[in-house]
Amino acid sequence: MEVDQMQRQCLDYTKSLFLEGFLDGQFVQLQQLQDENNPDFVVEVVSLFFEDSERLLNDLTFALDQKSIDFKKVDAHVHQLKGSSSSIGAQRVKNCCIAFRNFCEEQNIDACLSCLQQVKQEYCHVKNKLETLIRLEQQIVAAGGSIPTMEF
Amino acid sequence: MESCNCIDPQVPADDLLMKYQYISDFFIALAYFSIPLELIYFVKKSAVFPYRWVLVQFGAFIVLCGATHLINLWTFRIHSRTVAVVMTTAKVLTAVVSCATALMLVHIIPDLLSVKTRELFLKNKAAELDREVGLIRTQEETGRHVRMLTHEIRSTLDRHTILKTTLVELGRTLALEECALWMPTRTGLELQLSYTLRQQNPVGYNVPINLPVINEVFSSNRAVKISPNCPVARLRPYAGKFMPGPVVAVRVPLLHLSNFQIYDWPEVSTRNYALMVLVLPSDSARQWHVHELELVEVVADQVAVALSHAAILEESTRARDQLMEQNVALDLARREAETAIRARNDFLAVMNHEMRTPMHAVIALSSLLQETDLTAEQRLMVETILKSSNLLATLINDVLDLSRLEDGSLQLEAATFNLHSLFREVLNLIKPVASVKKLSLTSHLASDLPMYVIGDEKRLMQTILNVVGNAVKFSKEGFISITAFVAKPESFRDARIPDFLPVPSDSHFYLRVQVKDSGSGINPQDIPKLFTKFAQNQSLTTRYPAGSGLGLAICRRFVNLMEGHIWIESEGIGKGCTVTFIVKLGIPDRSNDFKLPFVTKVPGNHGSTNFTGLKVLVMDDNGVSRSVTKGLLMHLGCDVTTASSSDECLRAVSLEHGVVFMDVCTGLDGYELAVRIHEKFTKHQDRPLIVALTGNTKKMTKENCMRVGMDGLILKPVSVDKMRGVLSELLERRVLFENV
């Protein structure tokens, strides 16, 4: 495939992610931070995000499985997840976390559980999307092109 | 002269006859001698008699005649020759003188007779002069009276005083028995007795105005003598055989302001007269003299003028009082209106909050509901609920905004913001909708468009969103294009708004934004209606149920507040439409940018972008967050160290670090850390600046930070630009607290 075509494809894909609300402006900021001094910045941050999130989700599942749920702890985890997702620009995940935190405050177990489900779902979505995106970008770089940045 | 019978010696004298002759002669002589004596005596006495010579002649004649007769006494007896000679001489002389006298008298007697005629003539003349002097004297006196009366009348502007004074002075001047004034009633059909001289409070007699005597007086501008028995002259109840004196009546024209024309005498075209009646004393046998009538006429005219002046004054006083009353009433009304407005604003403010709260609850919960598992039917219902509540929320906002715009209480904010990112945000918001409808959305920002501008970001965004939203709403397919550039005055001669000339200056420029769409277009005739609130375009609402119709009206208000213009062009139905607006925005300059250490959004700064060498410590227990912040700071050239816990941070921090960024999202850890860092560097001047980085927007956060001695607070998310600005600010001011 031509580099131009690949770049266009990548751009369209990125745009669709924005339009569908998976990512927000923060992700753009991350992309902007990538330069010759820091060529793999985005990839690093994204990988870190995946690690972090998976760990947190496991912890959350564990915490909510308990007979007597420690909501403070649950809240702390969700808070962390919210922080990570907002740092990277994973909008939907972040929104879920916000709702999750409200239910934690109310100590509504059922709601929390359903929220957890949702968060996991969203996380999976965004993970897939980001992986695809990274793959596309790496293909472009391998073909000798430069990663197209979003222009508004 | 009797014939002197002196030659008579022959006839013997009859003794008796002789005796009588003797005696008569004697007496004649005596008389003849005494007459001249008398004459002389009286002539001497009178100084005027002009004919002395004649008198002398006459005297001589008489003396000689007397002498003759005396000498005649001696001729009765034989007398000597001497006597005869004397006698003859005397006779001759007498003859001469008497002839001379006779001749002279012929001349003199006519003269003497004419003296008498002249005397008569002079007497007549003297009588005539006497009369004239009398007349002049009375005229002069009249004039004096008139002047005095006029002076009295005109010295006051009070109607009643004028009339009273007139009557009093007239009464005194003319020594009247009674003087009265009859004024026309309001209906104009009767005359009412309004003022009299002698009676204090005249009882209101009324007489109809159509009496012949009254008509007679009104139709002439002279004083007219009227009968004392006519109704107007009966001013007092008469008792017994009280005969009223001669009466005169004169009309007094009641002039209005409109009667006075410039360069013209006042036309007495008004039929409004009052009647003045003057009665002489009945027992004085006086009659009305011409000069007195003239006086009365003059006075009547003067009174008319004085009355009209008084009327004018009354009028203007009344008008002034009326104005004052109106003023007071207006003031009251204004205050009431202000109170009403205040009440309405309070109401709106309360309703604002009251209406929005449940609205938000509905919207928030419906959106959450949407995210849960729902059957298709339920999802449809929830979507409808959401759509309707969004519409309602928009409507509430619009109405509240518009009402604030209407009474001018809306004030634009002026803050520095990033114009480019504003457009980006707009596009972000619109792109989803546009792409669903498969519309291509392009935007072009001119290269000379400043990055940072001063203006009301929120409302500008609202305006642009509204315009672009409309474009999207009314286009089924095709494209939407947004262009923005700086409006230049030369290129801008628009016939649509001829008075508007955007002249940029050092501190301001005019932004021109054009939104073109290829949608259903608008009939050019409907364009003016678009900006009026609540008017909807019927043809468009069939397909797309539009909003409340307030959108464009609000846009126009905002644009106007920003000293700009907005207008729509369209070629017709189906040919798309172009919306253009120009607004005035400020250009931030260096000096007023960082007046305060408080920044609202991005502190637009193109200053030092290179912070190489700046050592920064980042403390964040969230790995992702930490690496993002680190990447950010590294991108800006800083030398970054990271710590994932307070202890680690405390260990790592040193005087080499310029700034310590710490995340305070996680409870009290951050605050305690700040305190401990302070303790560590109490003795040193250049301790590192401590800045809190948080997504927490509670007010308490800011206060807590300040309390523990932090130097700054920044809200996440932080973009590259923002961080750049933050670092510059921090290095310059050593403090930076963002407004939460």
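Chain A goes by Histidine-containing phosphotransfer protein in an unreviewed UniProt entry, where it is assigned to Cajanus cajan. Turning to chain A, the UniProt annotation filed under Function (unreviewed entry) states: "Functions as a two-component phosphorelay mediators between cytokinin sensor histidine kinases and response regulators (B-type ARRs). Plays an important role in propagating cytokinin signal transduction."

On to the overall build of chain B. Tallying secondary structure elements over chain B gives 18 helices and 20 strands in all. Sequence separation of at least 24 residues holds for 70% of the intrachain contacts in chain B that already meet a minimum separation of 6. For chain B, the exposed area adds up to about 42,600 Å²; of that, 59% sits on carbon and sulfur atoms.

Turning next to the confidence of the model for chain B. Residues and elements named next belong to chain B. For chain B, the mean per-residue pLDDT works out to 79, and 83% of the residues sit at or above 70. pLDDT under 50 marks residues 538–548. Its contacts with residues more than four places away, or in other chains, come to 18 contacts. Every residue in residues 592–608 scores below 50 in pLDDT, and together they form 37 contacts with partners more than four places removed in sequence or on other chains. For this predicted complex, the interface confidence reaches an ipTM of 0.82, while the overall pTM sits at 0.36.

On to the UniProt feature "modified residue: Phosphohistidine" (unreviewed entry) in chain A. Cross-referencing UniProt, the feature "modified residue: Phosphohistidine" (unreviewed entry) maps to His79 of chain A in the present numbering. Residue position: histidine 79 of chain A is located in helix α4 (residues 71–88).

The geometry of an aromatic ring pair comes down to the distance between the two centres and the angle between the two planes. All names here are of chain A. For the structure shown, the criterion picks out 5 aromatic pairs over all chains. Seen from their ring centres, phenylalanine 49 and tyrosine 123 are 6.1 Å apart, and the 65° between their planes marks the pair as edge-to-face. Pair noted here: phenylalanine 49 is in helix α3 (residues 41–65) and tyrosine 123 is in helix α6 (residues 109–142), with a separation of 74 residues, a long-range link. Here the aromatic cluster, defined as three or more aromatic residues joined through ring pairs, consists of Phe49, Phe50 and Tyr123. Geometry around phenylalanine 22 places arginine 92 over its ring, the cationic atom sitting 4.3 Å from the centre.

Next up on the list: the interface of chain A and chain B. One frequently used descriptor of interface size is the decrease in accessible area upon assembly of the parts. The interface is formed by 21 residues belonging to chain A together with 25 residues belonging to chain B. Between chain A and chain B, the buried area comes to about 2,000 Å², and carbon and sulfur atoms account for 62% of it. The interface formed by chain A and chain B includes 0 salt bridges. Viewed at the interface, chain B and chain A are joined by 5 residue pairs in polar contact (both at pLDDT 80 or more). At the level of elements, α2 (25–33), α3 and α4 of chain A are the ones that each hand at least two residues to the side of chain A that touches chain B. Of the residues assigned to the side of chain A that touches chain B, the class counts are 9 nonpolar, 10 polar and 2 charged.

Our focus in this paragraph is the sheet that holds strand β1 (residues 178–184) of chain B. Residue and element names in this part refer to chain B. Across the sheet, which stays open at both edges, the 6 strands sit in the order β3-β2-β1-β6-β5-β4 with antiparallel pairing between neighbours. The open sheet is flanked by β3 (206–208) and β4 (224–226), the only strands paired with a single partner. The mean inter-strand angle of the sheet, taken between neighbouring strand axes irrespective of direction, is 30°. Pairing analysis gives 5 bridges linking β1 to strand β2 (residues 190–196), with the strands arranged antiparallel. Looking across to β2, one finds that tryptophan 182 is bridged to leucine 193.

This next bit is on the pairing of strand β16 (residues 639–643) of chain B. All names here are of chain B. As defined by bridge partners, strand β15 (residues 615–619) adjoins β16 across 5 bridges and the pair is classed as parallel. Bridge assignment links leucine 617 to a residue of β16, and that residue is threonine 641. Viewed along the sheet, the connection from β15 through helix α14 (residues 623–635) into β16 turns out right-handed.

Turning to the environment of leucine 133 of chain A, a few remarks are in order. Residue and element names in this part refer to chain A. In this fold, leucine 133 is placed in helix α6. Between the C-alpha atom of leucine 133 and that of leucine 17, which follows or precedes it by 116 residues, the distance is 9.5 Å. Beyond its immediate stretch of four places on either side in the chain, leucine 133 contacts Cys10, Tyr13, Thr14, Leu17 and Phe27.

With that out of the way, let us pick up the pattern of salt bridges. Residues and elements named next belong to chain B. In total, this model carries 18 salt bridges over all chains according to the counting rule given. Among the salt bridges present, the one from arginine 334 reaches aspartate 331, with a minimum N-O distance of 2.8 Å. Remark: aspartate 331 and arginine 334 occur in helix α6 (residues 290–371); sequence separation between them is 3 residues, near one turn of the helix. Close ionic contact of arginine 676 with glutamate 672 constitutes a salt bridge, the shortest N to O distance being 3.8 Å.

Quick notes on the rules
- Residues numbered from 1 in each chain as written.
- Chains lettered and ligands numbered in written order.
- Predicted model: local features only at pLDDT ≥ 70, side-chain atom pairs only at ≥ 80, totals over all residues.
- Heavy atoms only, no water.
- UniProt positions renumbered as here; feature names shortened; annotations may be inferred.
- Helix = DSSP H or I, 4+ residues; strand = E, 2+ residues; numbered from the N terminus.
- Contact = heavy atoms within 4.5 Å.
- Areas by Shrake-Rupley, 256 points an atom, 1.4 Å probe, with all protein chains shown as cover.
- pLDDT = per-residue confidence, 0-100.
- Phe/Tyr/Trp six-rings, centres within 6.5 Å; stacked < 30°, edge-to-face > 60°.
- Lys NZ or Arg CZ within 6 Å of the ring centre and 35° of its normal.
- Buried area = accessible area lost by both parts, 1.4 Å probe.
- Salt bridge = Lys/Arg side-chain N within 4 Å of Asp/Glu carboxyl O.
- Polar contact = N/O pair within 3.5 Å; in protein donor to acceptor, adjacent residues only side chain to side chain.
- Nonpolar A, V, L, I, M, F, W, Y, C, P; charged D, E, K, R; others polar.
- Pairing = 2+ DSSP bridges.
- Axes fitted to C-alpha atoms, helices over the stretch in contact; angles between N-to-C directions.
- Right-handed = clockwise from strand over helix to strand, strands pointing away.

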